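Tertiary structure, described
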Amino acid sequence: MSGTAAQGPRLRPSLDGIPTYKPGKPAGADAFKLSSNENPYEPLPGVLDAVVATAGSFNRYPDMAVTELTAELAQHFGVPAEHIATGPGSVGVAQSLVLSTAGPGDEVIFAWRSFEAYPIITQIAGATPVPVPLTAAEEHDLDAMLAAITPRTRLIFVCNPNNPTGVAIHGPELERFLDAVPGDILVVVDEAYREFIRDERVPDGVELYRDRPNVCVLRTFSKAYGLAGLRVGFAIAHEPVATALRKTAIPFGVSQLAQDAAVASLRAEDALLVRVEALVAERTRVAAALAAQGWTVVDSQANFVWLRLGERTMDFAAACAAAGVIVRPFAGEGARVTIGEVAGNDLFLAAAEAFRKEL
Ligand SMILES: Cc1ncc(COP(=O)(O)O)c(C=O)c1O
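Basis of the calculations
Every chain is numbered independently, its residues counted from 1 as its sequence is written. Local features in this predicted model are restricted to residues of pLDDT 70 or higher, and side-chain atom pairs are both shown and tallied only at a pLDDT of 80 or more, whereas totals for entire chains, interfaces and linings draw on every residue. With hydrogens and water excluded, all non-hydrogen atoms of the structure serve as input to the side-chain values. Secondary structure follows DSSP: runs of H or I at least 4 residues long count as helices, runs of E at least 2 residues long count as strands, and numbering of each begins at the N terminus. Working rule for helices: expected span equals 1.5 Å times residues minus one. Buried residues are those whose accessible area, probed at 1.4 Å on protein chains only, stays under 20% of the maximum for their type, while exposed residues exceed 50% and partly exposed ones sit between those limits. Two strands are said to pair when DSSP picks up at least two bridges between them. Angular values range over 0 to 180 degrees, each being the angle between N-to-C directions of two axes fitted as lines to C-alpha atoms, with helices fitted over their stretch in contact. Contacts are assigned to residue pairs that have any heavy atoms within 4.5 Å of one another. Crossover handedness is defined here as right-handed if the route from the first strand over the helix to the second strand goes clockwise, with the strands pointing away from the viewer. By convention in these notes, a salt bridge is any Lys or Arg side-chain nitrogen within 4 Å of a carboxyl oxygen on Asp or Glu. To sort the angles, those under 35 degrees are grouped as roughly parallel, those over 145 as roughly antiparallel, those from 65 to 115 as roughly perpendicular, and the leftovers as oblique. We call a crossing left-handed when the near helix sits turned anticlockwise from the far one by less than a right angle, and right-handed when that turn is clockwise. Gly is placed with the polar residues, together with every amino acid not listed as nonpolar (Ala, Val, Leu, Ile, Met, Phe, Trp, Tyr, Cys and Pro) or charged (Asp, Glu, Lys and Arg). Two rings belonging to Phe, Tyr or Trp (six-membered ring only in the last case) form a pair when the distance between their centres is within 6.5 Å. Interplanar angles under 30 degrees mark stacking, angles over 60 mark edge-to-face geometry, and anything in between is tilted. Only Lys NZ and Arg CZ are tested; either one counts as a charge over a ring when it is within 6 Å of the ring centre and within 35 degrees of the ring normal.

Considerations on helix 10 (residues 256-267)
Turn by turn, an α-helix covers 3.6 residues, leaving residues three or four places apart pointing in a common direction. Helix length check: helix 10, at 12 residues, gives a terminal C-alpha distance of 17 Å against a target of 16 Å (1.5 Å per residue), a fit within 8%. Within helix 10, 10 of the 12 residues are buried, which leaves it mostly tucked inside the rest of the structure. Looking at helix 10, one finds that the buried residues are Leu-257, Ala-258, Gln-259, Asp-260, Ala-261, Ala-262, Val-263, Ala-264, Ser-265 and Leu-266.

Focus on the sheet that holds strand 4 (residues 128-133)
As summarised here, the arrangement of the seven strands in space is 2-8-7-6-5-3-4, forming an open sheet in which the pairing is mixed. Taken across any chain shown, the strands that pair with only one partner, and hence form the sheet edges, are strand 2 (84-87) and strand 4. For this sheet, the mean inter-axis angle between neighbouring strands, taken without regard to orientation, is 25 degrees. Two strands pair when backbone bridges link them, and strand 5 (residues 153-159) and strand 6 (residues 186-190) are joined in this way by five bridges, in the parallel orientation.

Let's talk about helix 5 (residues 117-124)
For helix 5, a buried count of seven out of eight residues is recorded, marking the element as mostly surrounded by other parts of the structure. Where helix 5 is concerned, the buried positions are Ala-117, Tyr-118, Pro-119, Ile-120, Ile-121, Thr-122 and Gln-123. The inward-facing, buried residues of helix 5 contact helix 4 (89-101), strand 3 (107-112), strand 4, strand 5 and strand 6. Phi for Gly-126, located one or two positions after helix 5, is positive at around 85 degrees.

Comments concerning the sheet that holds strand 12 (residues 334-338)
Read from one edge to the other, the open sheet built from three strands follows the order 9-12-11, with strand pairing classed as antiparallel. Lying at the two open borders of the sheet, with one neighbouring strand each, are strand 9 (304-308) and strand 11 (328-330). Averaged over all neighbouring strand pairs, the angle between strand axes comes to 20 degrees, with direction disregarded. Across the sheet, helix 12 (residues 313-322) is in contact with strand 9, strand 11 and strand 12; its angle to strand 11 comes to roughly 165 degrees.

Examining the pairing of strand 6
A regular strand places its side chains so that they alternate between the two faces of the sheet. Most of strand 6 is tucked away: five of the five residues are buried. Because side chains alternate across strand 6, one face comprises the buried residues Leu-186, Val-188 and Asp-190, and the other comprises Val-187 and Val-189, equally buried. After leaving strand 5, the chain enters helix 7 (residues 171-180) and then returns to the sheet as strand 6, a path that is right-handed. Sheet topology places strand 6 next to strand 7 (residues 215-220); four bridges connect them, and they run parallel.

As for the pattern of salt bridges
This structure, assessed with the given rule, holds 19 salt bridges. Across the pair Asp-179 and Arg-212 runs a salt bridge whose closest N-O atoms are separated by 3.1 Å. One end of the pair, Asp-179, is in helix 7; the other, Arg-212, is in the loop between helix 8 (205-210) and strand 7, with 33 residues separating them in the sequence. Residue Arg-212 is classed as buried on the basis of its relative accessible area, which comes to 12%. Of the charged contacts in the structure, one is a salt bridge between Asp-211 and Arg-212, with a shortest N-O distance of 3.7 Å. The structure contains a network of salt bridges with shared partners spanning Glu-175, Asp-179, Asp-211 and Arg-212.

A short note on the packing of helix 3 (residues 67-77) against helix 10
Taken N-terminus to C-terminus, the directions of helix 3 and helix 10 make an angle of 30 degrees; their axes are 9 Å apart at the nearest point. As judged from the angle between their axes, helix 3 and helix 10 are roughly parallel. Crossing of helix 3 against helix 10: the hand is left-handed. For the pair formed by helix 3 and helix 10, the contact residues are Glu-68, Leu-69, Glu-72, Leu-73 and His-76 on the first element and Gln-259, Asp-260, Ala-262, Val-263, Leu-266 and Arg-267 on the second. Partitioning the contact of helix 3 with helix 10 into residue classes produces five nonpolar, two polar and four charged.

Examining the packing of aromatic side chains
Taken as a whole and assessed by the stated rule, the structure comprises 13 aromatic pairs. On the basis of an interplanar angle of 85 degrees and a centroid distance of 5.1 Å, the ring pair of Tyr-193 and Phe-304 is categorised as edge-to-face. Placement of Tyr-193 in the loop between strand 6 and helix 8 and of Phe-304 in strand 9 is noted, with a sequence separation of 111 residues between them. Here Tyr-193 and Phe-304 have matching classes, each one buried. Between the aromatic rings of Trp-295 and Phe-316, the centroid separation amounts to 5.7 Å while the plane-to-plane angle is 75 degrees, which identifies the pairing as edge-to-face. Note that Trp-295 is positioned in the loop between helix 11 (269-293) and strand 9 and Phe-316 in helix 12, a separation of 21 residues in sequence. On the accessibility criterion, Trp-295 (7% relative accessible area) is buried. An aromatic cluster is defined as three or more aromatic residues linked by ring pairs; in this entry it consists of Phe-110, Trp-112, Phe-115, Tyr-118 and Phe-157. Cation over ring: Arg-328 sits above Phe-330, and NZ or CZ is 4.3 Å from the ring centre. Across the ring face of Phe-304, the terminal group of Arg-336 is positioned such that the distance to the ring centre comes to 5.9 Å.

Pasting the structure below:
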């Protein structure tokens, strides 16, 4: 056996710099999990029925072309079916977007802090992440993002509203930005939390995509639609981006259960959006209560709130955990807290109030 063989297979050195994705901490049986921006409601009966009906044939591969869901989405958004590309969660589609546009030596720009998968999927493709700090008001610094563009830039993620801050970009600012980005750079408007937006100044990315060939929208069934565990998301993109996504996607990546659940969810949209409305009402209540406790709370248009805690972040997360609430801390920065069921939100508010009094 040669010396090199004994050391095992050689892995790409670029993997060394990749942080591993940190999922929201699992909650114990008696704790509320407010760490992963999940929908706290159980599946709607009709959606569950669709999944149960499909479950009997999981010895078969799913429909690789995702025909029914694609047709349903195309009709729903008024776009050509060829412009829809699905994947195992929108993070799977986001990874295909990076693999389709960027490789070693190329650059991918995104705001920071933002969705933590962006730097990971960029480095998996061998490309270089270019994080651009948020402003002091927790907003995307769109001017700085424009200034970060180089001849190497291939893709820009715009997370609207942003995870983990919840802050959303308004129409004129975003349009000015899109118009300033060179047409050969793909701009991905990640709208994972679109259904929770109530501020009418926030644009619908699908409208921005329509006449901009270098703009693509990312959506998911994981949040408002409550299908996080089934893994299905999609992009709406012009040709040839959508075609590239189909080439780089993992074959059969969206299970038949996920496809059928997504179709049933679209058909049950009215019932699902009633639940979303209740979560938005809870978001308003939680944000107002935090502000009344003295916290600085930025306006969240998503299903979570953000507290910038700096060095106190991990202590805050520990205090919440001790009170039975698992939040998502980003050490040295702040904590993101998902809007969950009323009892969980109340427990969180009590923990936040107690923490604040001890300061
Ligand atoms: C901004 C953003 N985009 C994409 C995703 C990915 O969600 P999924 O892969 O479940 O569709 C998330 C999940 O947290 C997110 O916050």
